[in-house]
Amino acid sequence: MKILYYMGYELIEKIKQKEVTIQEIIQQYFERIEETEPLLHSFVNLTKEDSLKKAKELDKKLSQGKSIGRLYGLPIGIKDLICIKNSPTTCASKILKSFRPPYNATVIEKVIEKENAICVGRTNMDEFAMGSSTENSCYGPTYNPWDLERVPGGSSGGSGSCVASRQTIFSLGSDTGGSIRCPAAYCGIVGLKPTYGRVSRYGLVSYANSLDQIGPMSRCVHDSALLLEVIAGHDPLDSTSVNKPVEKYTELLNQPIVKEKVNSAISKLESLGAKTLEISFPHLEYAIATYYLIAMSEASSNLERYEGLQYGDMTDNLEGDVFEVFSRTRGEKFGPEVRRRIILGTYALSAGYYDMFYIKALKIRSLIKKDFQKAFEQCDAIVSPTMPTTAFKIGELVNDPLQMYLMDVLTCPVNLAGLPGLSIPCGFDNKNLPIGFQIIGNYFEENNILNLGYLLEQDLKIYRKIPPLKRSVKNE
Ligand code: GLN
């Protein structure tokens, strides 16, 4: 059976019908990983033995008629900044090379322990989730499955490429200013940033706490809906998680009323040549500056703890006093982008500049929120491209941080407002690179945007297309 062809929810049916075993699935996925990983570098480590062992145990339980949870042993990639007990969680940073968390993140308790997905490995990312290309990883970059000369997007680039290239069924990423939606767009898959507070952040290594959310990535909307159903919900261990019942996202897909709306919107779009209701966002032009001021300020405070003594790995050179050792540790173990952000964030928070930068950014953040609230008085969802371009080449922007920051213009406002945003593939450009379509919903209306995404996906029918894993032709 060509296991790789099927979506997660289809394989679950086949497992239930005993047409395929979990061991066969994991075996085939590892064959695919072994064949493609040298080209892609989606993972920072793989756990084949443990995965096969768990698959065997789950098959055994199934044959005894026992329940094995909602994720049926399907293979998943976990971004390298979500804590898994006793297993390396390095945030793609030298400073956390030897970190083994003493506990599981809440999403890991749910996805791996309770509902029994099988984690095949940790996915590559920009160091501490800072970036839009996965080039800022201490392990080196990940490559885009649609064109190996290009970036997979970031910061959850490994989580994007492993799903697109069929190394896993789905993955978990985190999104502070676009890090799920950007790689979803560049890799041609589905990625959802939930409403702030919908998913517990307990055990997610913080980049910028007031913006970070964990979310699902998959090849089709149904699989993301399924994964969201598992990870969403209140967690007493995260005071920013919201106590609101979790909807049955998978059962609510394909609702007829919405379908009519989307169908007519699509035919309207076609007949009218893409004319839609335009919404104005008076403060959008300040979004990038606001986002980066807030994200860097929070990051500088979060990353203060890594001095090598209590947190993180210390430099080998212990000459000088404690401050010299601390600075040497941070200088050696943090990459250039992380250092840049710590410096800028510290500057923005320093006495004398605090009011001018940080407080101002907070004020604009609430104006951006209001812009969205006004827009949602007129519509149910806001659509836009996810990214201003398709995947750019490796090395193209990495030395031009400001240009790289501008890539987040369409995703970061959603985090500033705390809203849910979905990216689904909506077609390809003339270089055969996927284009992401972003659907932004009102607070806790994940259901609504998943539904819209699902209907568009069913109409577009491109989600089974397999990326070529080739380099683009030279002199195109
Ligand atoms: N590219 C953005 C940044 O570098 C977003 C990162 C993210 O969402 N983690 O901050």
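The preceding data block contains the structure.
Because the structure is a prediction, the values reported are computed rather than measured.

Enquirer: When you look at the overall build of the protein chain in this model, what are you seeing that I'm missing?
Expert: Across its full length, the protein chain holds 15 helices and nine strands. Relative to its length of 476 residues, the protein chain is compact, with a C-alpha radius of gyration of 21 Å against a globular reference of 23 Å. Expressed along its principal axes, the backbone C-alpha trace of the protein chain runs to roughly 65 × 55 × 55 Å. A burial count over the protein chain gives 58% of its 476 residues as buried. Relative to all contacts within the protein chain whose residues are 6 or more apart in sequence, the contacts with residues 24 or more apart total 74%. Carbon and sulfur atoms make up 54% of the accessible area of the protein chain, which totals about 19,900 Å². In the protein chain, 55 positive and 56 negative side-chain charges are present, and the distance between their average locations comes to 3 Å.

Enquirer: Mind showing me how you'd approach the packing of aromatic side chains here?
Expert: Two aromatic rings are characterised by how far apart their centres lie and by the angle between their planes. One pass over the full model with this rule turns up 15 aromatic pairs. Between the aromatic rings of Phe128 and Phe334, the centroid separation amounts to 6.0 Å while the plane-to-plane angle is 65°, which identifies the pairing as edge-to-face. Of this pair, Phe128 sits in the loop between strand 3 (118-123) and helix 5 (157-164) while Phe334 sits in the loop between helix 10 (322-333) and helix 11 (336-349); the two residues are 206 residues apart in sequence, bridging distant segments of the chain. Each member of the pair Phe128 and Phe334 is classed as buried. Both rings, one in Tyr292 and one in Tyr405, keep their centres 4.1 Å apart while their planes meet at 20°; by these two values the pair is stacked. Here the residue Tyr292 occupies a position in helix 9 (residues 287-302), and Tyr405 occupies one in helix 13 (residues 401-406), the gap between them amounting to 113 residues. Each member of the pair, Tyr292 as well as Tyr405, carries the same accessibility label: buried.

Enquirer: Where do I start with the nonpolar core in this structure?
Expert: Across soluble globular proteins, nonpolar side chains show a tendency to be buried alongside one another. In this structure, Ile76, Ile82, Val111, Phe128 and Leu172 are the most contacted members of the largest nonpolar core, which totals 110 residues. By residue number, the principal contributor to this core is helix 9, which donates eight residues. Dropping the residues within four chain positions of it, Ile76 is found in contact with Val111, Ile112, Ala117, Ile118, Cys119, Val120, Gly121, Thr168, Phe170, Ser171, Leu172 and Leu227. Judged by nonpolar contacts, the second largest core, of ten residues, contains Ala185, Tyr186, Phe392 and Met407.

Enquirer: Can you help me understand the sheet that holds strand 7 (residues 381-385) in this one?
Expert: Strand-to-strand pairing in sheets goes through backbone hydrogen bonds, with the strands running parallel or antiparallel. With respect to topology, nine strands assemble into an open sheet ordered 1-3-2-4-6-5-8-9-7, the strand pairing being mixed. Across the chains shown, the open sheet's two edge strands, defined by having one partner strand only, are strand 1 (43-46) and strand 7. Here the strands of the sheet are splayed against their neighbours by 25° on average, with no regard to which way each runs. Direction of pairing for strand 2 (residues 75-79) relative to strand 3: parallel, over a ladder of five bridges. Bridge assignment links Pro75 to a residue of strand 3, and that residue is Ile118.

Cut-offs applied
Residues numbered from 1 in each chain as written. Predicted model: local features only at pLDDT ≥ 70, side-chain atom pairs only at ≥ 80, totals over all residues. Heavy atoms only, no water. Helix = DSSP H or I, 4+ residues; strand = E, 2+ residues; numbered from the N terminus. Rg over C-alpha atoms; globule rule 2.2 N^0.38 Å. Buried < 20%, exposed > 50% of the residue type's maximum accessible area, 1.4 Å probe, protein only. Contact = heavy atoms within 4.5 Å. Areas by Shrake-Rupley, 256 points an atom, 1.4 Å probe, with all protein chains shown as cover. Lys, Arg positive; Asp, Glu negative; His and termini not counted. Charge placed at Lys NZ, Arg CZ, Asp CG, Glu CD. Phe/Tyr/Trp six-rings, centres within 6.5 Å; stacked < 30°, edge-to-face > 60°. Core = buried A, V, L, I, M, F, W, Y, C linked by side-chain atoms within 4.5 Å. Pairing = 2+ DSSP bridges. Axes fitted to C-alpha atoms, helices over the stretch in contact; angles between N-to-C directions.

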